[in-house]
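# Tertiary structure, described
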Amino acid sequence: PVAEVLGKGWFNNHTRVIEANFTLGQNLDFITKGLRLEESIAVYSLHQQKYLKSRTYQMFEPYLDPAGTGEVLYNTYGEAATTFDITNTGTSYNNMQTRIQEQVTLRYARTFGQHGVNAFVMFHNDKYSIPDQRLGLVTRGFLGRAAYDWNRKAYVSFDCSYMGKSVYNPDHNMGFFPSLSAAYV
């Protein structure tokens, strides 16, 4: 059919994505050996624009007469048209998303003969937003670990986090999550 040859419209899509990760670190051995401060930031930004113009034409779907006569009948869809003009109406779609993650970490790692000590404290902030659609989602909190090993055979570790999300009730959106583990290899 002429309509299929001429096409049923057009679709335009522009997508721009920016992603970046940066980390800065500083050894703080001048305070005590094995101490390090790190800051990381990750950025994700998406912007999409879509635009669709379309045209329709009359279409027919053949089927056999259910009465069993063997006659081919047709379901008709759409309006009869012969100009095949692209309508001046269409759909457009804009999508923007932004995510920014930040982390600040203070680490300590040191070995004293057969004794190993490893610890860190971290602040984490993650903000994800889609403008004009909903409030941004923010996850933030503190994480920590204190670990000890003896002769790389016996291990003890205490980990904890105090984290929360903005989608929960402000009076109850933070929680404390501890864990303790031990192992002998």
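Shown above is the structure to which this text applies.
Rules and cut-offs
- Residues numbered from 1 in each chain as written.
- Predicted model: local features only at pLDDT ≥ 70, side-chain atom pairs only at ≥ 80, totals over all residues.
- Heavy atoms only, no water.
- Helix = DSSP H or I, 4+ residues; strand = E, 2+ residues; numbered from the N terminus.
- Buried < 20%, exposed > 50% of the residue type's maximum accessible area, 1.4 Å probe, protein only.
- Areas by Shrake-Rupley, 256 points an atom, 1.4 Å probe, with all protein chains shown as cover.
- Phe/Tyr/Trp six-rings, centres within 6.5 Å; stacked < 30°, edge-to-face > 60°.
- Patch = residues over 30% accessible without salt bridge, like charges linked within 9 Å, V, L, I, M, F, W, Y side chains within 5 Å.
- Salt bridge = Lys/Arg side-chain N within 4 Å of Asp/Glu carboxyl O.
- Pairing = 2+ DSSP bridges.
- Contact = heavy atoms within 4.5 Å.

## Some details on the overall build of the protein
Within the protein one finds one helix and nine strands. Secondary structure elements of the protein, listed N to C terminal, follow the sequence α-β-β-β-β-β-β-β-β-β. Taken across its 185 residues, the protein has 20% of its residues classed as buried. Here the protein has roughly 13700 Å² of accessible surface; of this, 57% comes from carbon and sulfur atoms.

## With respect to the packing of aromatic side chains
Tallied over the full model, the rule gives one aromatic pair. Here phenylalanine 123 and phenylalanine 142 contribute two aromatic rings whose centre-to-centre distance is 5.3 Å and whose plane-to-plane angle is 55°, an arrangement assigned as tilted. Of this pair, phenylalanine 123 sits in strand β6 (residues 115-129) while phenylalanine 142 sits in strand β7 (residues 137-150), and the two are 19 residues apart along the sequence. For phenylalanine 123, a relative accessible area of 30% translates into the label partly exposed. For phenylalanine 142, a relative accessible area of 45% puts it in the partly exposed group.

## Some remarks on a nonpolar patch on the surface
Judged by side-chain polarity, Phe142, Tyr148, Trp150, Val156, Phe158, Tyr162, Met174, Phe176 and Leu180 come together as a nonpolar surface patch covering roughly 900 Å² of accessible area. Looking at the nonpolar patch, the elements that each hand over two or more residues are β7, β8 (154-165) and β9 (174-184). Tracing the chain through its elements places tyrosine 148 in strand β7. Among the residues examined, tyrosine 148 registers a relative accessible area of 35% and is labelled partly exposed.

## Quick look at the pairing of β8
Here is the key point about a regular strand: its side chains alternate between the two faces of the sheet. Of the pairings in the sheet, the one linking β7 to β8 comprises 12 bridges and is antiparallel in character. Within β8, the position partnered with glycine 141 by the bridge is methionine 163. If you look at the hairpin formed by β7 and β8, you'll find three residues sitting between the two strands, and asparagine 151 has a positive phi there, around 55°. Across 11 bridges, β8 lies against β9 in antiparallel orientation. Bridge pairing links phenylalanine 158 to leucine 180 in β9.

## Observations concerning the environment of phenylalanine 11
Tracing the backbone through its elements, the reader meets phenylalanine 11 in strand β1 (residues 9-27). For the pair phenylalanine 11 and leucine 52, spaced 41 residues apart in sequence, the C-alpha to C-alpha distance is 4.5 Å. Excluding its chain neighbours within four sequence positions, the residues that come into contact with phenylalanine 11 are Lys50, Tyr51 and Leu52.

## A closer look at the pattern of salt bridges
One pass over the full model with this rule turns up four salt bridges. Arginine 36 serves as the salt-bridge partner of glutamate 38, at 2.8 Å between the closest nitrogen and oxygen. By relative accessible area, glutamate 38 is classed as buried at 18%. For arginine 36, a relative accessible area of 27% puts it in the partly exposed group. We note a salt bridge from aspartate 159 to arginine 145, for which the minimum N-O separation is 2.5 Å. Of this pair, aspartate 159 sits in strand β8 while arginine 145 sits in strand β7, and the two are 14 residues apart along the sequence. A residue is classified by how much of its surface remains accessible, and arginine 145, at 37% relative accessible area, is partly exposed.

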